[in-house]
Amino acid sequence: METARSSDDDIEPTAAGDDVILGAGDVAPAPPPRPGWRRWVMDTRPLRHRPFRRLWSSTTVTAIGSQLTAVAVPKQIYDITGSSAWVGYASFAGLLPLVVFALWGGVVADRMDRRTLMLVTNVGIAVTSVLFWAQSFAGLDSVAVLMVLLAAQQGFFGMNSPARSASVARLVPADELPAAGALQSTVAQTGMILGPLLAGALIPVLGLPALYLIDAVALCATLWAVWRLPALPPLTEGGAGGARRGGWRDVADGFRYIAANRILLMSFLADIIAMVFGMPRALFPQLASHTYAPWGEGFALGLLFAAIPLGAVAGGLLSGTFSRARRHGLMVIAAVVAWGVAITGFGLSLNLWWAVAFLALAGVADMVSMVFRGTILQAAATDDMRGRMQGVFTVVVAGGPRVADLLHGTAGSLLGARAAVAAGGLLVAVSTLGLALAVPAFRRYTP
């Protein structure tokens, strides 16, 4: 196992010829403004740092591979049972361990070397992918086996995610955190688009077992990239609170830390408001079959589901337009309000192409929000709390849309789909503006 490498190995010179000191929270010397069109496109400065480049490359490899498994599991369960209900039960079976182990994994990420934790959990994810392949290749056709494997894999992912996200602030200078967030989010959103498309193309040709096997092979590349990272031990002995308990009392400490830090609390509340009130995906099938039926139900449904991630990718590719902004709190407020306005426009749209355009704009706003909320979590929290903050963030990201599905599904049946969507978007915009007025420190926040 590697020890921490020297700064000469981990840091490459900037364009100005200066070395960036990583892991100390310092800000790198400001580079000269990028000429012409380059100032508009994605800021790739974080990729100059070898450790971050390795972490990002591992994310790039698995972004598509993980989506292959995400498609294969529900497809296999439906093939076995012929029931969408069982697909839903399996999703819930994966949610509970994800929530539990993300919270606990955040504590562990604050108490041990994060590189080691990423290695162990990536091995676990890879082993479950191999077992997915084995059961499919053997033709077991057991829903119970699939649900157990899914629960195990989501548990490993829950442990892995806080350590991976919390490591970024140790690998790039503080002023490059927004750009690093844009790079990672763009890759993740691209995987969400290309992964299902690739799965749909490969299933008729290679079959379901091949999808699991491709994911397992991709995870081997991830293991190599993580192995090449420097050691990332806690910066202080025992982290926050002294003794290395690593138990649920430490999870509670994380929530108390959020409650005591208005900036962090506001970033979480903004995300919860945007996702719970403004994520209308549960109503896409109803809208596709009724409002947008003249364009073809299947065609409309595909466009509705693809529009938000496509907008997010476009926002990431053009993230040079916003990633250097200093008023991070204000950027989150503006992005969430823009998300709400765009979702309201979607709810009011009778034309499919206007609906897709509004959803794409919502995707751009979501990318801006993701970038700056992620940066706030990295910059406003101390290193011995970053793991727990990322654990809570994982829970919010995983749980928020599921709560939104329940809320929008219920509201859609009572008010109608379009009214429920438009009301939700309006509620997002109004609630966010109310929070901004109530906590002026957040809209003035700069790292």
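The structure displayed is predicted, hence computed values, not measured ones.

Examining the overall build of the chain
And step 1. Tallying secondary structure elements over the chain gives 16 helices and zero strands in all.
And step 2. The buried share of the chain, reckoned over its 447 residues, is 53%.
And step 3. Counted over contacts in the chain with a minimum sequence separation of 6, partners at least 24 positions apart contribute 86%.
And step 4. With the model as given, the accessible surface of the chain reaches about 18,600 Å², and the carbon-plus-sulfur share is 71%.

Section: a nonpolar patch on the surface
And step 1. A surface patch of nonpolar side chains, about 460 Å² in accessible area, is lined by Leu96, Val100, Phe101, Trp104 and Trp248.
And step 2. Residue contributions to the nonpolar patch peak at four residues, all from helix H3 (residues 84-111).
And step 3. Topologically, Trp104 is positioned in helix H3.

Comments concerning the confidence of the model for the chain
And step 1. For the chain, per-residue confidence averages 87 on the pLDDT scale, and 89% of positions sit at 70 or higher.
And step 2. Across the chain, the element-wise mean pLDDT spans from 37 in helix H1 (residues 7-10) up to 97 in helix H12 (residues 328-348).
And step 3. Predicted confidence for residues 239-243 stays below pLDDT 50, and this span has 10 contacts to residues more than four positions away or in other chains.

Here we look at the pattern of salt bridges
And step 1. Under the definition given, this model contains 15 salt bridges.
And step 2. With a shortest N-O distance of 3.7 Å, Arg45 and Asp175 are connected by a salt bridge. Taken together, the residues Arg45 in the loop between H1 and helix H2 (50-81) and Asp175 in the loop between helix H5 (143-166) and helix H6 (177-206) connect sequence positions 130 residues apart.
And step 3. With relative accessibility at 11%, the residue Arg45 sits in the buried group.
And step 4. Its salt-bridge partner being Arg388, residue Asp250 comes within 4.0 Å of it at the nearest N-O pair.

Quick notes on the packing of aromatic side chains
And step 1. Across all of its chains, the model carries 10 aromatic pairs by this definition.
And step 2. Note on Phe132 and Tyr212: the rings are 5.1 Å apart at their centroids and 10° apart in plane angle, and the pair reads as stacked. With Phe132 in helix H4 (residues 114-138) and Tyr212 in helix H7 (residues 208-227), this pair connects stretches of sequence that are 80 residues apart.
And step 3. The buried category is assigned to Phe132, whose relative accessible area is 0%.
And step 4. Aromatic pair Phe284 and Phe346: ring centres 5.9 Å apart, planes at 85°, arrangement edge-to-face. Note that Phe284 is positioned in helix H10 (residues 284-289) and Phe346 in helix H12, a separation of 62 residues in sequence. The pair Phe284 / Phe346 is uniform in exposure class, with both members buried.
And step 5. Lying over the aromatic face of Trp227, Arg115 brings its terminal NZ or CZ to 5.1 Å of the ring centre.

Focus: the nonpolar core
And step 1. Judged by nonpolar contacts, the single largest core of 62 residues is most densely connected at Leu304, Trp339 and Phe346.
And step 2. Looking at which element gives the most residues to this core, the answer is helix H13 (residues 352-379), with 12 residues.
And step 3. Setting aside chain neighbours within four positions, we find Phe346 in contact with Pro280, Phe284, Leu287, Tyr292, Leu304, Ala355, Phe358, Leu359 and Val421.
And step 4. Ranked by size, the runner-up nonpolar core spans 25 residues in total, among them Phe52, Val187, Leu223 and Leu232.

So, the side chain of Thr432
And step 1. Structurally, the position occupied by Thr432 is in helix H15 (residues 417-438).
And step 2. Each residue touching Thr432, except ones within four places of it in the same chain, is listed here: Ile273, Ile333, Val336 and Val337.

Overview of the environment of Val168
And step 1. Tracing the backbone through its elements, the reader meets Val168 in the loop between H5 and H6.
And step 2. Sequence separation between Val168 and Trp56 is 112 residues, and the spatial gap between their C-alpha atoms is 9.5 Å.
And step 3. If sequence neighbours within four positions are ignored, Val168 has contacts with Phe52, Leu55, Leu177, Ala180, Gln184 and Gln378.

Describing the side chain of Arg111
And step 1. As for its position among the elements, Arg111 is in helix H3.
And step 2. In this structure the side chain of Arg111 is engaged in a polar contact, spanning 2.9 Å, whose partner is the side chain of Asp250.

Quick look at the packing of H12 against H13
And step 1. Viewed as axis vectors pointing N to C, H12 and H13 meet at an angle of 160°, and their least axial separation amounts to 8 Å. It follows from the interaxial angle that H12 and H13 lie roughly antiparallel. Considering only the axes of H12 and H13, their crossing is left-handed.
And step 2. When grouped by side-chain class, the residues that make up the contact of H12 with H13 number 18 nonpolar, five polar and two charged.

How each quantity is defined
- Residues numbered from 1 in each chain as written.
- Predicted model: local features only at pLDDT ≥ 70, side-chain atom pairs only at ≥ 80, totals over all residues.
- Heavy atoms only, no water.
- Helix = DSSP H or I, 4+ residues; strand = E, 2+ residues; numbered from the N terminus.
- Buried < 20%, exposed > 50% of the residue type's maximum accessible area, 1.4 Å probe, protein only.
- Contact = heavy atoms within 4.5 Å.
- Areas by Shrake-Rupley, 256 points an atom, 1.4 Å probe, with all protein chains shown as cover.
- Patch = residues over 30% accessible without salt bridge, like charges linked within 9 Å, V, L, I, M, F, W, Y side chains within 5 Å.
- Salt bridge = Lys/Arg side-chain N within 4 Å of Asp/Glu carboxyl O.
- pLDDT = per-residue confidence, 0-100.
- Phe/Tyr/Trp six-rings, centres within 6.5 Å; stacked < 30°, edge-to-face > 60°.
- Lys NZ or Arg CZ within 6 Å of the ring centre and 35° of its normal.
- Core = buried A, V, L, I, M, F, W, Y, C linked by side-chain atoms within 4.5 Å.
- Polar contact = N/O pair within 3.5 Å; in protein donor to acceptor, adjacent residues only side chain to side chain.
- Axes fitted to C-alpha atoms, helices over the stretch in contact; angles between N-to-C directions.
- Parallel < 35°, antiparallel > 145°, perpendicular 65-115°, else oblique.
- Left-handed = near helix turned anticlockwise from the far one by under 90°.
- Nonpolar A, V, L, I, M, F, W, Y, C, P; charged D, E, K, R; others polar.

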